[in-house]
Amino acid sequence: MRVEAVELHRISMPLVRPFATSFGSQTARDILLLRVRTDVGDGWGECVAMADPVYSSEYVEGCAAVLRDYLVPALLRASSAGTDATADSFAGVARFVVGHRMAKAALETALLDAETRAAGQSFASRLGATREAVDCGVSVGIAPDLDGLLAEVSGYVEAGYRRIKLKIKPGWDLEPVARVRELIGELPLQVDANTAYSRDDIDHLRALDAFDLLLIEQPFVEEDIASHVALSRAIATPVCLDESITDAVVAADAIDRGATSVVNIKAGRVGGYLEAVRVHDVARSRGVPVWCGGMLETGLGRAANVALAALPGFTLPGDTSASDRYFAEDLTEPFVLVDGRLPVPTGAGSGVTVRDDLVAAWATRPPETLGA
Ligand code: SMG
Ligand code: MG
């Protein structure tokens, strides 16, 4: 496969309701999309970085810069020098840029889409999926008040979600969790702190053991593996790392050190879907369950996530909610919940079609074309 050009598209999509976390509130999704133009057809990839560097050090404008200045030129050079520009060979090109995993993942996904589409193969089959539908959970932001939270959660329970995840932070934890547990009975429940706590909070966090949670996700800062080990020893609720897990080596190490007994896998956070599969593999070989995280993706990124979530080690419901959880209208055909599950796309490539009319209508700046 030869890459002829790469387009950078920027769009903004309003959220159906604000999504608040310990690091701030989002009201719209500012998204970078990539289209690769190749000799065998086009491929699309979505960059999961947020508008600001608040969830991770990466952010949309930074991803666009590293793609424009480094990753895309390196890919175009390698391709014109005769390297077969597949997702696999992209690893060799990407290696010379340190970090910037979300930017790399977006480009790798576009290549994966182009090559599997041309071969008539689905993402699910390329990644090694074994299921036709995946169990879905929903991530619930920090609400303005408890009544608002309970009303929102009730709506998701009615919609059929198989697991609720609550965002927590100091001052918004035990009470909301207790009230939601009371509301939802035995429905699986978990919490995500997005690094809002410190080691001094271990005694406080232990009180969460009363609520029979599936897990507590990323209570401490991402580099602090030692405090996650300390918490894991002090608490009965399983500790799950998200932000800390940046590749399969880190995942294996965190598991072996006892910092995490469940892993949240996000392809963007680990540099792409191929590395995400390797994280799945190291966890599975250690008997550690994984689940698919989310970054408020459009249908494009959601399609790839649902394919990943269909691998055998993904034994817990993911943050793979339906399109209408975030968007009134999706960029692709919408993902609709059926009995708390989403069907895994079976068409070639991502299996969904990006609507050019919406990419143009929602554009926040003119597209850039590199190469050609
Ligand atoms: O896609 O439903 C989704 C979002 C799930 O909570 C979610 N993601 O830390 O896991 C996480 C967050 C990161 C994004 S918060 C703006
Ligand atoms: Mg998280």
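Keep in mind that this is a model prediction, so the values were computed, not measured.

By the assigned domains, the protein splits into domain 1 (3-120 + 355-371) and domain 2 (125-343). Put simply, the middle of domain 1 and the middle of domain 2, counted by C-alpha atoms, are 24 Å apart. Across the boundary between the two partners, domain 1 contributes 35 residues, which contact 42 residues of domain 2. Summing the contributions of domain 1 and of domain 2, the shared interface buries around 3,200 Å²; its carbon and sulfur component is 65%. Taken together, the links from domain 1 to domain 2 amount to four salt bridges.

Attention now goes to the sheet that holds strand E1 (residues 3-21). Taken together, four strands build an open sheet; the order of strands is E3-E2-E1-E13 and the sheet is antiparallel. The sheet is open, and its two borders are formed by strand E3 (41-47) and strand E13 (368-371), each paired with just one other strand. Between one strand axis and the next, the sheet turns through 25° on average, direction left out of account. Running over the sheet, helix H3 (residues 101-119) touches E1, strand E2 (24-38) and E3 and is turned about 150° from E3.

Close to ligand 1 lie 19 residues, the nearest being Ser139, Lys165, Asn194, Leu296 and Tyr326. Asparagine 194 places a side-chain nitrogen or oxygen 2.7 Å from an oxygen atom of ligand 1. Contact distances for ligand 1 include 3.3 Å between an oxygen atom and a side-chain N or O atom of glutamate 217. About the coverage of ligand 1: the protein hides 100% of its 440 Å² of free accessible area. A per-class count over the shell around ligand 1 returns seven nonpolar, four polar and eight charged. Counting the residues that make up the shell around ligand 1, at least three belong to each of domain 1 (3-120 + 355-371) and domain 2 (125-343).

Reading the values: the criteria
Residues numbered from 1 in each chain as written. Chains lettered and ligands numbered in written order. Predicted model: local features only at pLDDT ≥ 70, side-chain atom pairs only at ≥ 80, totals over all residues. Heavy atoms only, no water. Domains from an automatic or database assignment. Contact = heavy atoms within 4.5 Å. Buried area = accessible area lost by both parts, 1.4 Å probe. Salt bridge = Lys/Arg side-chain N within 4 Å of Asp/Glu carboxyl O. Pairing = 2+ DSSP bridges. Helix = DSSP H or I, 4+ residues; strand = E, 2+ residues; numbered from the N terminus. Axes fitted to C-alpha atoms, helices over the stretch in contact; angles between N-to-C directions. Near = heavy atom within 4 Å. Polar contact = N/O pair within 3.5 Å; in protein donor to acceptor, adjacent residues only side chain to side chain. Areas by Shrake-Rupley, 256 points an atom, 1.4 Å probe, with all protein chains shown as cover. Nonpolar A, V, L, I, M, F, W, Y, C, P; charged D, E, K, R; others polar.

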